[in-house]
Amino acid sequence: MDLTTLYMGLSLKSPLVAGASPLTGEVDNIRRLEDLGAGAVVLPSIFEEQIEQDEQLIEQMDTIGIDSYAEALTYFPSAASYHIGPAHYLEVLHHAAKALDIPIMASLNGITDHGWVNYARQIQEAGADALELNIYFIPTDPNMPGQEVEHRYVTILKAVKEAVTIPVAVKLSPYFSAVGHMATQLVDAGADGLVLFNRFYEPDIDLGQLTLLPNLKLSTATEIRLPLLWIGALSGGVRASLAASTGVESADEVIKYLLAGADVVMTSSALLRHGVDYMKVLLDGLKSWLAARDLETLDRIRGRLSQRNITDPTAFARANYIRVLQGYLPDR
Ligand SMILES: Cc1cc2nc3c(=O)[nH]c(=O)nc-3n(C[C@H](O)[C@H](O)[C@H](O)COP(=O)(O)O)c2cc1C
């Protein structure tokens with residue numbers, strides 16, 4: 001069976017990609033994922049904000065106690081001995097890219113224009129096969145117009161594309177008034193791939209402490225619906241590769257995303273929940289489903305149920321409440 005997949009011009013041996021998470025930040029895990037059949041791996045993001053905070057902390061530590069007693073400085077290790085800055089990340093990236101055959105993609109979350117461009121260059125120099133832009137931005141300011149938010153995405157992408165030659169994907173938010181037009185703008189600005197979608201951290205409230213709860217829940221299969229809709233709507237309509245991200249819990253979700261038109265399917269929560277070996281379970285599930293239907297390649301299923309390929313394309317956008325409710329109503 002041939003699961004070869006083209007993603008942003010890169011040839012992958014399978015459409016299953018380990019998405020960004022702490023798991024993919026370790027070379028041993030990446031190697032294991034390659035052995036288990038992953039088509040590619042996305043490293044966790046370099047967070048410019050985190051790097052800045054760490055550097056500030058080190059500066060503060062360096063000056064603590066200077067006036068009171070100089071020996072206090074000897075209690076603290078030097079800044080160089082911390083994993084501060086992108087050095088450790090770039091080292092892991094370099095090592096993985098050199099040692100492994102599958103494409104290694106890096107991910108970047110910048111804040112300043114300089115940061116986006118500067119780290120993107122360093123990532124390319126370290127040997128990444130591609131770069132994913134994790135543009136994590138929640139426009140909570142009620143005075144910020146949607147156009148400004150869209151402009152921000154496009155500006156970041158253009159700046160990064162001018163700085164690097166490796167393929168660049170944008171990990172998108174689903175919260176645009178016109179997701180399709182946003183996707184088109186990004187493709188026009190040079191995006192080689194679109195990752196649908198980023199999953200934003202949404203805080204909960206602790207009713208005992210009356211504080212915001214910083215908990216991060218892993219996804220469940222019910223969450224595939226929104227990305228599935230947009231993969232289905234955009235497949236064949238934009239000149240960029242499409243990666244589905246969110247809610248893969250079993251091979252069923254992988255197959256559904258492929259049928260909707262995803263080029264690759266990413267998974268993070270399932271690997272965190274079950275361990276890296278779960279990659280093989282997903283891949284075996286996909287293979288058995290294809291084998292049961294005598295399908296030797298993915299071309300036969302990819303995009304088969306996209307909006308452009310179904311007989312009733314309005315099914316993707318229609319409010320189906322009435323039809324659904326009819327199923328629940330007693331016969332008269
Ligand atoms: C613990 C954890 C850490 C993550 N870290 C990153 C990250 O560094 N960069 C990024 O772009 N996405 C990150 N993500 C998001 C995932 O890559 C993915 O887009 C999201 O979890 C939805 O996919 P899933 O349902 O397969 O988990 C993280 C997710 C989790 C659960």
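So, here is what we can say about the structure in this document. (Residues numbered from 1 in each chain as written. Predicted model: local features only at pLDDT ≥ 70, side-chain atom pairs only at ≥ 80, totals over all residues. Heavy atoms only, no water.)

**Here we look at the overall build of the chain**
Move 1: Summing up its helical and strand segments, the chain has 11 helices and 12 strands in all.
Move 2: Each of the 332 residues in the chain was classed as buried or not, and the buried ones make up 45%.
Move 3: About 17,600 Å² of surface is accessible on the chain, with carbon and sulfur atoms providing 53% of the total. (Helix = DSSP H or I, 4+ residues; strand = E, 2+ residues; numbered from the N terminus. Buried < 20%, exposed > 50% of the residue type's maximum accessible area, 1.4 Å probe, protein only. Areas by Shrake-Rupley, 256 points an atom, 1.4 Å probe, with all protein chains shown as cover.)

**Section: the packing of aromatic side chains**
Move 1: Within this structure, the stated rule accounts for three aromatic pairs.
Move 2: Between Tyr153 and Phe176 the ring centres are 5.1 Å apart and the planes differ by 80 degrees, which places this aromatic pair in the edge-to-face class. On the criterion of sequence distance, the pair formed by Tyr153 in helix 5 (residues 146–163) and Phe176 in the loop between strand 7 (168–172) and helix 6 (179–188) is long-range, its members being 23 residues apart.
Move 3: In this structure Tyr153 comes out as buried when scored by relative accessible area, which is 1%.
Move 4: According to the relative accessible area criterion, Phe176 is buried, its value standing at 12%.
Move 5: The interplanar angle of 40 degrees and the centroid separation of 6.1 Å between the aromatic rings of Tyr175 and Phe200 together place this pair among those described as tilted. Pair noted here: Tyr175 is in the loop between strand 7 and helix 6 and Phe200 is in the loop between strand 8 (193–196) and strand 9 (204–206), with a separation of 25 residues, a long-range link.
Move 6: For Phe200, a relative accessible area of 10% puts it in the buried group.
Move 7: Taken together through their ring pairs, the aromatic side chains of Tyr136, Tyr175 and Phe200 make up a single cluster.
Move 8: Between Arg152 and the ring centre of Phe137, over which it is positioned, the NZ or CZ distance is 3.7 Å. (Phe/Tyr/Trp six-rings, centres within 6.5 Å; stacked < 30°, edge-to-face > 60°. Lys NZ or Arg CZ within 6 Å of the ring centre and 35° of its normal.)

**Some words on a negative patch on the surface**
Move 1: A contiguous patch of negative charge on the surface is contributed by Asp2, Asp294, Glu296 and Asp299.
Move 2: Mapped onto the elements of the fold, Asp2 is located in the segment before strand 1 (5–7).
Move 3: Judged by its relative accessible area of 39%, Asp2 is partly exposed. (Patch = residues over 30% accessible without salt bridge, like charges linked within 9 Å, V, L, I, M, F, W, Y side chains within 5 Å. Salt bridge = Lys/Arg side-chain N within 4 Å of Asp/Glu carboxyl O. Lys, Arg positive; Asp, Glu negative; His and termini not counted. Charge placed at Lys NZ, Arg CZ, Asp CG, Glu CD.)

**Observations concerning unusual backbone geometry**
Move 1: In this model, Leu196 is joined to Phe197 through a cis peptide bond whose omega is 5 degrees.
Move 2: Note that Phe197 resides in the loop between strand 8 and strand 9.
Move 3: Even without being glycine, Leu210 reaches a positive phi, approximately 50 degrees.
Move 4: Among the secondary structure elements, Leu210 is positioned in the loop between strand 9 and strand 10 (211–213).
Move 5: One non-glycine residue with positive phi stands out, namely Asp294, at about 55 degrees.
Move 6: With respect to the helices and strands, Asp294 occurs in the loop between helix 10 (278–292) and helix 11 (321–328).
Move 7: For Asp294, a relative accessible area of 67% puts it in the exposed group.

**Looking at the pattern of salt bridges**
Move 1: In the structure shown here, the tally under the stated rule is nine salt bridges.
Move 2: With its nearest N and O atoms 2.7 Å apart, the salt bridge here joins Arg199 to Glu223. Remark: Glu223 occurs in the loop between strand 10 and helix 7 (225–234) and Arg199 occurs in the loop between strand 8 and strand 9; sequence separation between them is 24 residues.
Move 3: Since its relative accessible area comes to 32%, Arg199 is described here as partly exposed.
Move 4: With a closest N to O distance of 2.6 Å, Arg318 and Asp312 form a salt bridge.
Move 5: Residue classification places Arg318 among the partly exposed residues on the basis of a relative accessible area of 34%.

**A short note on the pairing of strand 8**
Move 1: Of the two faces of strand 8, the one holding Gly193 and Val195 and the one holding Leu194 and Leu196 are both buried throughout.
Move 2: One ladder, built from four bridges, connects strand 7 with strand 8; its direction is parallel. Of the residues in strand 8, the one forming a bridge with Lys171 is Val195.
Move 3: In this fold, the crossover linking strand 7 to strand 8 by way of helix 6 has right-handed handedness.
Move 4: Sheet topology places strand 8 next to strand 11 (residues 241–245); four bridges connect them, and they run parallel. Among the inter-strand pairings, Gly193 is bridged to a residue of strand 11, identified as Ser241. (Pairing = 2+ DSSP bridges. Right-handed = clockwise from strand over helix to strand, strands pointing away.)

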